[in-house]
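# Secondary and tertiary structure notes
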Amino acid sequence: MNQMHRKSLFWSLAAPVLIYMGVRLAVEMVCVLVISIPYLADVYEQLVGQQTLTMEEMTRQYWTLMEPAMEHVFRYATEIAGVASLITIPVNAWFFTRDRKLEMACGVEPAKKAPVKKYWTVLVFGLAVSIAATCFFAMVELAFYSGQSQSASQITYMPSFPVQIAVLGVIVPIAEELMFRGVLFRRFMENRGFWYSALWSSLFFVLMHQDGAQMAYALLLGIFLCYVYEKFGSLKAPVLLHVAANCSSLLYTELGVFRWIGGAPVRMAGAVIAGAFVCSAMYVLIQRTGGAVKKEKEPGTGDKTNMF
């Protein structure tokens, strides 16, 4: 724990998340409105001439006429998510910077930062975990087919590859790391130990994902991202890991690596085992890096500084 205590623990945790999600929702709604505006005039003209329709029939007719607009919204879902995430980055960065200044004002000892030369372990872990996790959850989906997962995959890979890298590989990971590790995890750590803070901040991180496989992966990855943050003492480490995992997954898909691996069950099993082995080796090296993970302490112990 970092020995900072705020006057309202609930709002210190809830406010950043609500603002983050609110900004994302507002930006997405504006983007949808901008896409829909060219279609609204035609829809209005057609509905005005059908005043004899009941409200139920008019509603049904409205959504039928708006299908082309919704198709465009679906087509540009990734770009919309990218714009929403990009807008949240300055907001998240403000929370993050403000919290670090408060820690300095309260005399909280800054974390010991690991040397840059050790960051290669984080990069390799990200490259390996994307293969192991993708193949493992692909096998799970073969056993328990998920139409929702297939729909999410179609949206993900619909844009051009550069757009995928820019949005899903860079912008989204930076925005999420600033909020869920840089702000939320660190605020949980003000009053609780590592595992409690990592679990709860990762559960909020899970809400940003759609289907069961993604949510399970997000939970495990989220906890490990918190661990990497603690060991390296810098937000750069989880950002690098998150970017490496996302970008490598997109690259492997673009190059047909996953298609080739998925062509034979033996290759899929081998990829999971090999990926897990590399991740385990990197975990051992990461474990020897930087500072120690803070253990749970009893509430009320240590020096307290009341903060808003």
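Because the structure is a prediction, the values reported are computed rather than measured.

### Quick notes on the overall build of the protein chain
The helix and strand tally for the protein chain stands at 12 helices and 2 strands. Reading the protein chain from its N end, one meets helices and strands in the order β-α-α-α-α-α-α-α-α-α-α-α-α-β. When contacts within the protein chain are restricted to residue pairs at least 6 apart in sequence, long-range pairs at least 24 apart make up 83% of them. Summing over all exposed atoms, the protein chain offers an accessible surface of approximately 16,600 Å²; the carbon and sulfur share of this is 68%.

### Comments concerning the pattern of salt bridges
Counting across every chain of the model gives 5 salt bridges. Between Glu-177 and Arg-181 there is a salt bridge whose closest N-O contact spans 2.6 Å. Pair noted here: Glu-177 and Arg-181 are both in helix α7 (residues 161-188), with a separation of 4 residues, about one helical turn. On the basis of relative accessible area, Glu-177 is assigned to the buried category, the value being 0%. Given a relative accessible area of 0%, Arg-181 falls into the buried group. What emerges from the salt-bridge pattern is a single network uniting Arg-100, Glu-103 and Arg-186.

### Comments concerning the layout of surface pockets
Of the volumes computed, that of the second largest pocket is approximately 340 Å³. Lining of the second largest pocket is provided by 16 residues; of these, Phe-125, Val-129, Ala-133, Leu-220 and Cys-279 occupy positions nearest its centre. Looking at the lining of the second largest pocket, the elements that each hand over two or more residues are α5 (120-143), α9 (212-232) and α12 (265-287). A class-by-class count of the residues in the lining of the second largest pocket yields 14 nonpolar, 2 polar and no charged.

### Quick look at the side chain of Ser-12
Summarising the element assignment, Ser-12 is placed in helix α1 (residues 9-48). If we skip the residues at most four places from it in the chain, Ser-12 touches Arg-6 and Arg-187.

### Quick look at the packing of helix α4 (residues 77-105) against α7
It is the contact of α4 with α7, at a shortest axis distance of 8 Å, that shows an interaxial angle of 30°. Looking at the two axes, α4 sits roughly parallel to α7. Read as a crossing pair, α4 and α7 show a hand that is left-handed. By residue class, the composition of the contact of α4 with α7 is 15 nonpolar, 6 polar and 7 charged.

Procedures and definitions
- Residues numbered from 1 in each chain as written.
- Predicted model: local features only at pLDDT ≥ 70, side-chain atom pairs only at ≥ 80, totals over all residues.
- Heavy atoms only, no water.
- Helix = DSSP H or I, 4+ residues; strand = E, 2+ residues; numbered from the N terminus.
- Contact = heavy atoms within 4.5 Å.
- Areas by Shrake-Rupley, 256 points an atom, 1.4 Å probe, with all protein chains shown as cover.
- Salt bridge = Lys/Arg side-chain N within 4 Å of Asp/Glu carboxyl O.
- Buried < 20%, exposed > 50% of the residue type's maximum accessible area, 1.4 Å probe, protein only.
- 1 Å grid on protein atoms, 1.4 Å probe; cavity = no way out; pocket = protein on both sides within 12 Å on 5 of 7 lines; lining within 4 Å.
- Points joined across faces, edges and corners; volume = space filled by probe spheres on them.
- Nonpolar A, V, L, I, M, F, W, Y, C, P; charged D, E, K, R; others polar.
- Axes fitted to C-alpha atoms, helices over the stretch in contact; angles between N-to-C directions.
- Parallel < 35°, antiparallel > 145°, perpendicular 65-115°, else oblique.
- Left-handed = near helix turned anticlockwise from the far one by under 90°.

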